[in-house]
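# Fold and contact review
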Amino acid sequence: MGDSIKYRTRSLAVSDQYADGKAAKVWEHYIGSRSERTEVYREWLVKLLRDRGCQRVLDVACGTGIDSVMLLKEGFKVMSCDLSDKMVMHAFRERWARRKEEAFDEWEIDVANWLTLDGDISKPGDGFDAIICIGNSFAHLPDFDGTQSSHRRALRNFAKMLKPGGVMVIDHRNYDAILDTGKAPEKNIYYHGSSIKDITTSVTYVDAKPATITLDYFLDTSLAPEHNNNNNKVVQNGGSPPRHKDKDVEEDTIFRFQLTYYPHRLNSFTSLLYECFDNHITHTVYGDYKPKGEVETPAYYIHVVEKNL
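Residues numbered from 1 in each chain as written. Predicted model: local features only at pLDDT ≥ 70, side-chain atom pairs only at ≥ 80, totals over all residues. Heavy atoms only, no water.

### Comments concerning helix α11 (residues 266–276)
Among the residues making up α11, those that are buried are Leu266, Phe269, Thr270, Leu272, Leu273 and Cys276. Seen end-on, α11 carries its buried residues on one side only, within an arc spanning 160°. Where α11 is buried, its residues touch α8 (149–161), β7 (162–173), α9 (175–181), β11 (281–287) and β13 (300–307). Taken from the residues just after α11, Asp278 is the one with a positive phi, measuring 55°. (Buried < 20%, exposed > 50% of the residue type's maximum accessible area, 1.4 Å probe, protein only. Helix = DSSP H or I, 4+ residues; strand = E, 2+ residues; numbered from the N terminus. Arc of directions from axis to C-beta. Contact = heavy atoms within 4.5 Å.)

Structure follows, in structure tokens:
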């Protein structure tokens, strides 16, 4: 197949896949209950950070702010950033709504590019105690030139922002399973909203190697409890999702968005982490926040990277 990668760059300008607002508008529907989502990993993450004495945390892929809010409520000082201003706007709104709470009044939020991260946000002293990049966020960054130079640049910038002795938690989908089977594992530890109707998978190959994985998401917001309670409708955008048997479902509750990812395989991503931290790390892998091997086919691999002193 020819090169059909959708997202390109000029200089260091990275395309924002959320710029059209489609995904941002229904992201909470895709996630489902915030408390149900974070309950999967809240205790694990909070314990990991507290055991290492972390206080200042950089959330480099904050999106709408779900994980940042969770950490703020647990007493951490959080700096949140994201490339997408459409997603970050939701975090700004939450901070404003809760501005009378001290933790939220001091919450720092900004729009930032991973490729210029050290220039986009200020590093406190010798760096942040911890960095989180979860929810398959890093896979959004394309491999622009086929050498993964963009991935290396971003990870090296993460390393610069992390203090010696600090810890980074970064994850990605189980792309080994997706590439081997042609579809994502059915379970998903992060996204399980009741509005999800279907998710389809396609793989683009360049020079016989997988270059991108595209997931098409189909949501019907009429299935969400809050729709029935609040009559909250989402305007239809883009594409023709599957038909629904219930004729009473209004068309403007149907929503489709598409996201493209770089398919990081577990071993190659592990090697990339060691390279970008100059091999000065202690590295542990988890599957769906369980010790590696405990879950037969995890939906996500979580990497814990401790930067050596």
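### Re the environment of Leu272
As for its placement among the helices and strands, Leu272 is situated in helix α11. A residue is classified by how much of its surface remains accessible, and Leu272, at 4% relative accessible area, is buried. As a C-alpha pair, Leu272 and Gln148 span 124 residues in sequence and 9.3 Å in three-dimensional space. Beyond its immediate sequence surroundings of up to four residues, Leu272 is in contact with Gln148, His151, Arg152 and Leu155.

### A word on the packing of aromatic side chains
The full count for this structure, using the stated rule, is 8 aromatic pairs. When the ring of Trp44 is compared with that of Tyr289, the centres are 4.8 Å apart and the planes differ by 70°; the resulting orientation is edge-to-face. With Trp44 in helix α3 (residues 42–51) and Tyr289 in the loop between β11 and β12 (290–291), this pair connects stretches of sequence that are 245 residues apart. Judged by centre distance (5.9 Å) and plane angle (80°), the rings of Phe104 and Trp107 are edge-to-face. A residue is classified by how much of its surface remains accessible, and Trp107, at 1% relative accessible area, is buried. Pairwise contacts between aromatic rings join Tyr41, Trp44, Tyr286 and Tyr289 into one cluster. We note Arg99 situated over the ring of Trp96; from NZ or CZ to the ring centre the distance is 3.7 Å. (Phe/Tyr/Trp six-rings, centres within 6.5 Å; stacked < 30°, edge-to-face > 60°. Lys NZ or Arg CZ within 6 Å of the ring centre and 35° of its normal.)

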